[in-house]
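# What the coordinates show
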Amino acid sequence: MKKRGIGVGLSFYGTGYGNGFPDISRAIVRLLPGGRIGIYCGVTEVGQGAKTAMIQIGAETLGVTEKDIDLIHEDTSLMPDSGTAAATRQTYNTGNAIKVACQNMREKLFEKAKVELGLNSTAGLALEKGEVVLSFFPQKRISFKRLSEIYKDETIEAEGEFVAQTTTMDPDTGQGAPYWPYTFNACAVEVEVDMNTGIVNLLRAVFAQDAGRAVNPHLLEGQMDGGFAMALGYTLFEDLKLENGVIKNNRFSKYLIPTAMDMIDVENIIIEDPENTAPYGAKGIGEPVMIPIAPAILNAIYNAIGIRITELPVTPEKLMKAIREAEVNN
Amino acid sequence: MVNINFTVNGKPYEISIDENMRLIDVLRDELGLIGTKEGCGEGECGACTIIMDGETVNSCLVMGFQADGSNIVTIEGLEKDGQLHPVQRAYMEAGAVQCGFCIPGMVLSTKALLDKNPSPSDEEIREGISGNLCRCTGYNKMLIATKKAIEYMKGE
Amino acid sequence: MKLNIVGKNIIRVDAQAKVTGKALYPQDIYLDNMVYGKTVRSTKPHAYIKIDISEAEKVDGVLKVFTYKDIPNKNAHGVVLKDHEAFASKKVIRIGEPIAFIVAETQKICEEAYKKIKIDYEEIPAVFDPVEAMKEDAPKVHGDSNIIYHFKLRHGDIEEGKRKSKYIVENIYKSPMVEHAFLQPEAGLGYLEEDGTVVVVIATQYPHYDREEVAINLGLPEEKVKIINTNVGGAFGGREDISAQIHLALAAMVLKRPVKVIFSREESFLAHSKRHPMIMKYKTGADENGYLQYMEAEIIGDSGAHCSWAMNVLRKAGVHATGPYVIPHVKVDAYAVYTNNPYTGAMRGFGATQVPIAHEQQMDALAEKLGMNPIEFRMKNIFRRGSMTATGQILTDSVPLDRCLEAVDERFKFSQLWKEVK
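What follows covers the overall build of chain B. On a plain count of helices and strands, chain B comes out with five helices and five strands. N-terminal to C-terminal, the α/β element order of chain B is β-β-α-β-β-β-α-α-α-α. Across its three principal axes, chain B shows a C-alpha extent of roughly 45 × 30 × 25 Å. When each of the 156 residues of chain B is scored for burial, the buried share is 58%. A fraction of 61% describes how many contacts in chain B between residues 6 or more apart in sequence connect residues 24 or more apart.

Spelled out as structure tokens, the structure:
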């Protein structure tokens, strides 16, 4: 016999190191030969898409395309420290540092353009497709490429820094502002529980993630799918088995993670509500995307069979045991 | 040492290898084809997937000498005349790539699937790539990529 | 705000290198005159050790076997507390702890030498259960207490909360230890530049942190250490602690040859942190109108043999223990505890992935007692702009949780389905 049920899960997630610990990101922007823009920043691309997102934020601020930017982020001797690629902090913290650096760079470029264009002031200057333009008399314009040629013996660069605002919590009461900003989400799933085998099948999932603003919706959806899959494994089968400190399942033939056959299509919804302190309103989502899934599945299992599973993962053995116990108690 | 003759990405090779060498080591250490990745060494993750005589195999489970006389395609062999294979292009466009470590194997499994079955169902796509583990993407963008690739291949 | 690039689905800038197999991870880099390393790890969870490397060093093709004696400066690292030794010196505290690093001309010779390393283990009582570990008479992993950290949250007046609660639900929830299982096992290279700068090529989440630890352990100024971060084959928190960085830098510095190490999948399981398993005791109460009144939670997290991020993880669990709900009276105690288990640290969600197993089931249990639809009940209690969290923080900016929940309800037709089932 199979029983179906639906469940919902919500979560919030505070970004950053937290608790008043100095959480600092830095970036340097430099005009490169040929008019290209170099962003030097210790942002790590772990697969989440930080490299692309950071380039998008830089390109937006400097009025160029992603193809005009080189992000130098591999070598500690070439780039400033931007903190760890963790705590869902890169988009918000390092994105802010890059935005600030690019805004400062804009002022530097305006100063040089003022001289080269013979202007009295930088007022009215704007950046447009790799050029500095006097917005109310657009014939007055000079390209980044031309500026890089004229100033080839001088480094035109600007720095940017962002320090997150959190406070240390009181050690006795925990009162304080430990993280900023917070990201929110909600997920609903439908499951089918096989009462004879204890196998839980996911039938449907709708997942809404607050992003403040989506820097790159495809990348964001990819994170949502990936977070969902990781949460699916966490809920239904992943369990590092220990025996006196020995890991019993220390390889992929024994420690199973979800395959394409285990995953389902997830209906992803991106909710945008720009955060004022964030770069273009964008908040991080890397960790939050895995959080509300497990509770939604657990609540759906309860809705299907009337048994609350309080211990993860919900393996078929564990579920069958719970079903039998419930039968005995009734 | 044993001598083997085989073709990799259209190029014939005659090399002498240690008989204990696995095919993945021959490809990576001897031929420098580092696009083939090792994720588990026991045929579970599919990162080392290559196409051998038209079939996908885990190159960590094949001994080097077993490749004698075979025709092998690795990720480096998919581009034609400087053009990406439709599956590669589709993976890029669909956003199916994240950390990228599973991608060479995943792309080859997708290609091998479409070579045999040019219009697979969703279920068949999932099955076709189920031997390739990915921890980042949740696989759904790979389904979208595969469907995109099908369209591109029809147009070719 | 009109945006041109932010918000667009531009193709990942690293996608082409990745789909063509050209993207380099540390294992893909081969240098001239390169030798290989292999880490020797503890096979016992808690023991005093004596190490004899003499036979291993005699194996033809072995350049050197490094142990704690070879660390020039501080044999200690760790993201919060410096409670990892680069090489165990007197005592091992978990299975998998590095004891030695063999460097030889080939990987095969490393394996041969590995068999000739003699480690004499004098086993001592170990502790594997965090609840046991909290007791005074438990074997101690470090120092004189296994309790690393106790996070206390006190908000409002719990007794008043109880009085106001018509419905109270109570349960104990448990979450497992979880492996990151990123696809790219740890690998790296160390080499020297002409001016003596030590370079470590690695896939890491935080290159500047790695630089600091290498510099401290080797006694070098930071400018003499360079970390090159390659493509990273997934991380999820599992590449925040030091893996092979110090060993590679040390070997390159001493031997003046490029050294490469690649962990097998089994070794990767031993080498990096895991997700903290947690035991979460919850009591949650709501009044007759469906408003949450109080919540009390005790959370115990198993940190294994090292602290890693335990304080921060249990703090995050404690702060997020309420879930995204306004609860006027809250008491949380969260503990991080040492055991002789594999060490736990950062993993996606960082404590905030464990507590929803509890708080979201508590919400549904209360909704059921109130005879309410789970979404209707949540809507009464969720954070909105201007809400105060249990730490007293006011959510002044972007708080679109109501929109998330409404969007899910509408697309899923949750409330409608709920009514039909009832």
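After that view, the rundown keeps rolling.
The next point concerns the interface of chain B and chain C. Each partner contributes residues to the interface: chain B has 27 residues there, and chain C has 24 residues. At the level of elements, α2 (86-94) and α3 (103-116) of chain B are the ones that each hand at least two residues to the side of chain B that touches chain C. Here the residues of the side of chain B that touches chain C sort into 18 nonpolar, five polar and four charged.

A few words on the environment of Ser273(C). Residues and elements named next belong to chain C. Structurally, the position occupied by serine 273 is in the loop between α8 (265-271) and β13 (278-286). Using a count of 26 C-beta atoms within 10 Å as the deciding quantity, one classes serine 273 as buried. On a C-alpha basis, the gap between serine 273 and glycine 237 in space is 8.1 Å, while along the polypeptide they are 36 residues apart.

Turning to the sheet that holds strand β5 (residues 71-73) of chain B, a few remarks are in order. Residue and element names in this part refer to chain B. An order of β2-β1-β5-β3-β4 is seen for the five strands of this open sheet, with the pairing classed as mixed. Strand pairing shows two members of the sheet lacking a second neighbour, β2 (11-17) and β4 (55-58), which therefore form its edges. Taking each pair of neighbouring strands and ignoring which way they run, the sheet shows an average axis angle of 40°. Bridging between strand β1 (residues 2-8) and β5 involves two bridges; their strand directions are parallel. When the bridges of β5 are listed, valine 8 appears paired with isoleucine 72. Of the strands in this sheet, β3 (49-52) and β4 touch α3, which is tilted by about 35° from β3.

Let us look at α2(B). α2(B) sits mainly inside the fold: seven of its nine residues count as buried. For α2(B), the set of buried residues is Pro86(B), Val87(B), Gln88(B), Ala90(B), Tyr91(B), Met92(B) and Ala94(B). The inward-facing, buried residues of α2(B) abut α3 and α5 (140-155) of chain B together with α1 (15-19) of chain C. One or two steps after α2(B), the chain reaches Gly95(B), where phi turns positive at roughly 75°.

In this assembly, 99 residues from chain A lie in contact with 94 residues from chain C. Elements that contribute at least two residues to the side of chain A that touches chain C include exactly β1 (2-14), α1 (50-62), β9 (182-194), β10 (200-212), α4 (217-236), β12 (246-247), β13 (267-272) and α5 (293-305) of chain A. Examining the composition of the side of chain A that touches chain C, we find that eight residues originate from one element, β1(A), more than from any other. A per-class count over the side of chain A that touches chain C returns 49 nonpolar, 30 polar and 20 charged.

Residues and elements named next belong to chain A. Taken in spatial order, the three strands line up as β5-β6-β7 in an open sheet, and their pairing is antiparallel. Each end of this open sheet is capped by a strand with a single partner; those strands are β5 (125-128) and β7 (141-143). Each neighbouring strand pair of the sheet contributes to a mean axis angle of 20°, computed without reference to strand direction. Inspection of the sheet shows β5 paired to strand β6 (residues 131-134) by four bridges, in the antiparallel sense. Bridge assignment links glutamate 128 to a residue of β6, and that residue is glutamate 131.

With that settled, consider the packing of α5(A) against helix α10 (residues 355-370) of chain C. Running from N to C, α5(A) and α10(C) cross one another at 40°; their axes reach a closest spacing of 9 Å. On the basis of the axis angle, α5(A) is oblique to α10(C). Where α5(A) crosses over α10(C), the two elements pack in a sense that is right-handed. From α5(A), Ala294(A), Pro295(A), Leu298(A), Asn299(A) and Tyr302(A) reach across to α10(C), where they touch Pro356(C), Ile357(C), Glu360(C), Gln361(C) and Asp364(C). Residue classes in the contact of α5(A) with α10(C) are distributed as six nonpolar, two polar and two charged.

All names here are of chain B. The domains assigned to chain B are domain 1 (2-77) and domain 2 (86-155). The C-alpha centroid of domain 2 is placed 21 Å from the C-alpha centroid of domain 1. At the junction of the two partners, domain 1 supplies 13 residues and domain 2 supplies eleven residues. Considering every element that reaches the side of domain 1 that touches domain 2, the biggest residue donor is β3, with three residues. Along the lines of polarity and charge, the residues of the side of domain 1 that touches domain 2 split into six nonpolar, six polar and one charged.

Here the focus is the pairing of β3(B). Residues and elements named next belong to chain B. The two faces of β3 match: Thr49 and Ile51 on one face and Ile50 and Met52 on the other face are all buried. In terms of strand pairing, β3 meets β4 through four bridges, oriented antiparallel. When the bridges of β4 are listed, isoleucine 50 appears paired with valine 57. Hairpin connection, β3 to β4: the antiparallel pair is bridged by two residues, and aspartate 53 has positive phi, about 50°.

We now examine the environment of Tyr17(A). Residues and elements named next belong to chain A. Relative to the helices and strands, tyrosine 17 is located in the loop between β1 and β2 (24-31). C-alpha of tyrosine 17 to C-alpha of valine 29: the two residues are twelve residues apart in sequence and 25 Å apart in space. Every residue in contact with tyrosine 17, bar those within four places of it in the chain, is listed here: Asp23 and Ala87.

Another aspect to go through is unusual backbone geometry. For the bond from Trp180(A) to Pro181(A), the omega torsion is -10°, close enough to zero to count as cis. Counting through the fold element by element, Pro181(A) comes out in the loop between β8 (157-163) and β9. Here the amide bond leading from Leu312(A) into Pro313(A) is cis, since omega sits at -10°, within 30 degrees of zero. Within the secondary structure, Pro313(A) sits in the loop between α5 and α6 (316-329). You will see that Asn19(A), though not glycine, has its phi angle at about 60°, which is positive. Looking at where Asn19(A) falls in the secondary structure, it is placed in the loop between β1 and β2. Asn19(A) gets classed as buried once you count the C-beta atoms within 10 Å, which come to 23. Look at Phe350(C): it is not a glycine, yet its phi comes out positive at around 55°. Mapped onto the elements of the fold, Phe350(C) is located in the loop between β15 (329-338) and α10.

Let us now look at the domain arrangement of chain C. Residue and element names in this part refer to chain C. Each assigned domain of chain C is listed with its residue range as follows: domain 1 (25-123 + 188-262) and domain 2 (130-177 + 274-421). The interface of domain 1 with domain 2 comprises 16 residues on the first partner and 20 residues on the second. Here the side of domain 1 that touches domain 2 is built from residues that sort into six nonpolar, six polar and four charged.

Pairs of packed helices are described in terms of their axes, by the angle between the two and the distance that separates them. Residue and element names in this part refer to chain C. Two numbers describe how α10 lies on helix α11 (residues 374-381): the axes approach to 9 Å, and their chain directions differ by 105°. Classified by the angle their axes make, α10 and α11 are roughly perpendicular. Contact residues: α10 offers Met363, Asp364, Leu366, Ala367 and Leu370, while α11 offers Pro374, Phe377 and Arg378. When grouped by side-chain class, the residues that make up the contact of α10 with α11 number six nonpolar, no polar and two charged.

Analysis parameters
Residues numbered from 1 in each chain as written. Chains lettered and ligands numbered in written order. Predicted model: local features only at pLDDT ≥ 70, side-chain atom pairs only at ≥ 80, totals over all residues. Helix = DSSP H or I, 4+ residues; strand = E, 2+ residues; numbered from the N terminus. Buried ≥ 20, exposed ≤ 12 C-beta atoms within 10 Å, placed from the backbone. Contact = placed C-beta atoms within 7 Å. Nonpolar A, V, L, I, M, F, W, Y, C, P; charged D, E, K, R; others polar. Pairing = 2+ DSSP bridges. Axes fitted to C-alpha atoms, helices over the stretch in contact; angles between N-to-C directions. Parallel < 35°, antiparallel > 145°, perpendicular 65-115°, else oblique. Left-handed = near helix turned anticlockwise from the far one by under 90°. Domains from an automatic or database assignment.

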